[in-house]
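Chain by chain, the residues:
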Amino acid sequence: MQSLLLLIVLLRVSNSLNLNGNEIISGTVWNDTDGNRIEAHATGILIDPEDQSYWWYGESKKTSNLSDHGVNCYHSKDFIHWTNQGQVLQQSQVSIPGPAGPYVLARPKVVFNLKTSLFVMWFHLDSSNYGYRYVGVATSQHPQGPFQFIHGFQPDGIPSLDMNLFEDNQNGTVKGVYLIRSCNNQYVGISQLNDDYLNTTGIISRISEPREGHAVFFRNNRYYMMTSHLTGWAPNAAELFISNSNSLIDAQWISLGNPTHSSTTFNSQSTFVLPFPSRKNPGELFYIYMGDRWNAPDLLDASYIWLPYQFYSDTNVTLPWLDKWSLDDY
Ligand code: DGJ
């Protein structure tokens, strides 16, 4: 009996994210500090404006019943051990004209607005057949929520599907916050948010072909955008773009190809890229790809792939596969 209990404990520990202390393991089940599977898909990370700890927001467990779906949140001080904060925006809070719920609540991202002192969440808000094509916006006074639903709409009047927010934070100064989204699955549009981050102010840059899973980051005076192609839940070849200048206004996007050299992006789809302080080279950043291994058709078994980019120059970038890696090595 005692050895059975020991085996159960060992299995739980070996399934947790922090196997071997500090390592991030690719393609396994990641558990929270209670030993439960982390359910926060299509990840967005907020760095706490006060103590620089990490808030991980994501889609709740991918059940087939949309009425369970909401936005889950986890918190970590070390990026390795994540504590469940529960469902911080629930399906029942969403109220929009048009089709009745339950709705698709997807790809949530949260930023902090210094002027209003509110945490502002944007997410893809849709009818179950993805025909409504809205974003939803919710706010909270606290990163751990609960968030209050504010409104749902089509940004700049354009039907919106996969989306992300990008906080253009350069050395601690926020130059602007931007919505990047799939405009009616025809092209990618980027719009700056207005002062209170509750609306957009018109498209300033676009990629003229459809892409999903957009994740923008800034490095060495250039913007990068990791994307996927459009194949539903099935993985496909990622494509990384670089901007032609150090401004998002009228930015043109140049393809750098697929940095993974894997036709399925290691069986994952991009959702976020997090600049992370280098431990090997203090004062520098490295860049963490965050993707979803949707595992379709068994979405209940969806997991996460987080991997560091390797920059050989601004335009020579790879995303090598690693079975596991440590924050200490970058
Ligand atoms: C691909 C998108 O990237 C996902 O967020 C999700 O909407 C699926 N399509 C649905 O098929």
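Criteria and thresholds
- Residues numbered from 1 in each chain as written.
- Predicted model: local features only at pLDDT ≥ 70, side-chain atom pairs only at ≥ 80, totals over all residues.
- Heavy atoms only, no water.
- Helix = DSSP H or I, 4+ residues; strand = E, 2+ residues; numbered from the N terminus.
- Polar contact = N/O pair within 3.5 Å; in protein donor to acceptor, adjacent residues only side chain to side chain.
- Contact = heavy atoms within 4.5 Å.
- Near = heavy atom within 4 Å.
- Areas by Shrake-Rupley, 256 points an atom, 1.4 Å probe, with all protein chains shown as cover.
- Nonpolar A, V, L, I, M, F, W, Y, C, P; charged D, E, K, R; others polar.
- Pairing = 2+ DSSP bridges.
- Axes fitted to C-alpha atoms, helices over the stretch in contact; angles between N-to-C directions.
- Core = buried A, V, L, I, M, F, W, Y, C linked by side-chain atoms within 4.5 Å.
- Buried < 20%, exposed > 50% of the residue type's maximum accessible area, 1.4 Å probe, protein only.

Enquirer: I tried to follow the side chain of S60 on my own but got confused; where do I start?
Expert: Counting through the fold element by element, S60 comes out in the loop between β3 (54–59) and β4 (70–76). A polar contact of 2.9 Å, which involves the side chain of S60, links it to the backbone nitrogen of G70. Excluding anything up to four places from it in sequence, S60 contacts E39, H41, D68, H69, G70, N72 and Q87.

Enquirer: Would you take a moment to explain the site of the ligand for this structure?
Expert: Taken together, R107, Y130, D162, E212, G232, W233 and Q269 make up the full set of residues adjacent to the ligand. E212 places a side-chain nitrogen or oxygen 3.2 Å from an oxygen atom of the ligand. One of the backbone nitrogen or oxygen atoms of G232 is found 3.3 Å away from a nitrogen atom of the ligand. Protein contact buries 88% of the 290 Å² of open area that the ligand shows by itself. Considering only residue class, the shell around the ligand consists of 2 nonpolar, 2 polar and 3 charged.

Enquirer: Explain the sheet that holds strand β11 (residues 173–183) to me, please; I cannot follow it from the model alone.
Expert: Paired through their backbone hydrogen bonds, the strands of a sheet run either parallel or antiparallel. Taken together, 4 strands build an open sheet; the order of strands is β10-β11-β12-β13 and the sheet is antiparallel. Each end of this open sheet is capped by a strand with a single partner; those strands are β10 (160–170) and β13 (200–207). If you compare each strand with its neighbour and ignore which way they point, the axes differ by 30 degrees on average.

Enquirer: Would you mind showing me how to read the nonpolar core here?
Expert: In a soluble, globular protein the nonpolar side chains are often hidden away together inside. W56, F79, W306 and Y309 are the most contacted members of the largest nonpolar core, which totals 39 residues. It is strand β19 (residues 285–293) that provides the largest number of residues to this core, a total of 5 residues. Every residue in contact with W306, bar those within four places of it in the chain, is listed here: I24, S26, W30, W56, F79, W82, I288, Y289, M290, G291 and W325. Grouped together as the second largest cluster of nonpolar side chains are 22 residues, L46, V94, M121 and L125 included.

Enquirer: Help me out: how do you make sense of the side chain of S278 in this one?
Expert: Locating S278 in the fold gives a position in the loop between β18 (269–277) and β19. A distance of 2.8 Å separates a polar atom in the side chain of S278 from the backbone nitrogen of N281. Not counting residues within four places of it along the chain, the set of residues in contact with S278 comprises E284, L285, F286 and Y330.

Enquirer: Explain the sheet that holds strand β8 (residues 134–140) here, please?
Expert: Spatially, the 4 strands line up as an open sheet ordered β6-β7-β8-β9, and their pairing is antiparallel. At either margin of the open sheet sits one strand with a lone partner, and together these are β6 (104–113) and β9 (148–153). Looking at each pair of strands side by side, their axes are set apart by 20 degrees on average, direction ignored. Strand direction decides the pairing type here: strand β7 (residues 118–126) and β8, joined by 7 bridges, are antiparallel.

Enquirer: Would you explain the pairing of β10 in this entry?
Expert: Two faces, one strand: in a regular strand the side chains alternate between the faces of the sheet. With 9 of 11 residues buried, β10 is to be regarded as a mostly interior element. Pairing between β10 and β11: 8 bridges, direction antiparallel. Bridged to N169 within β11 is V174. Here β10 folds back onto β11 in antiparallel fashion, the turn holding 2 residues, of which N171 has a positive phi close to 55 degrees.

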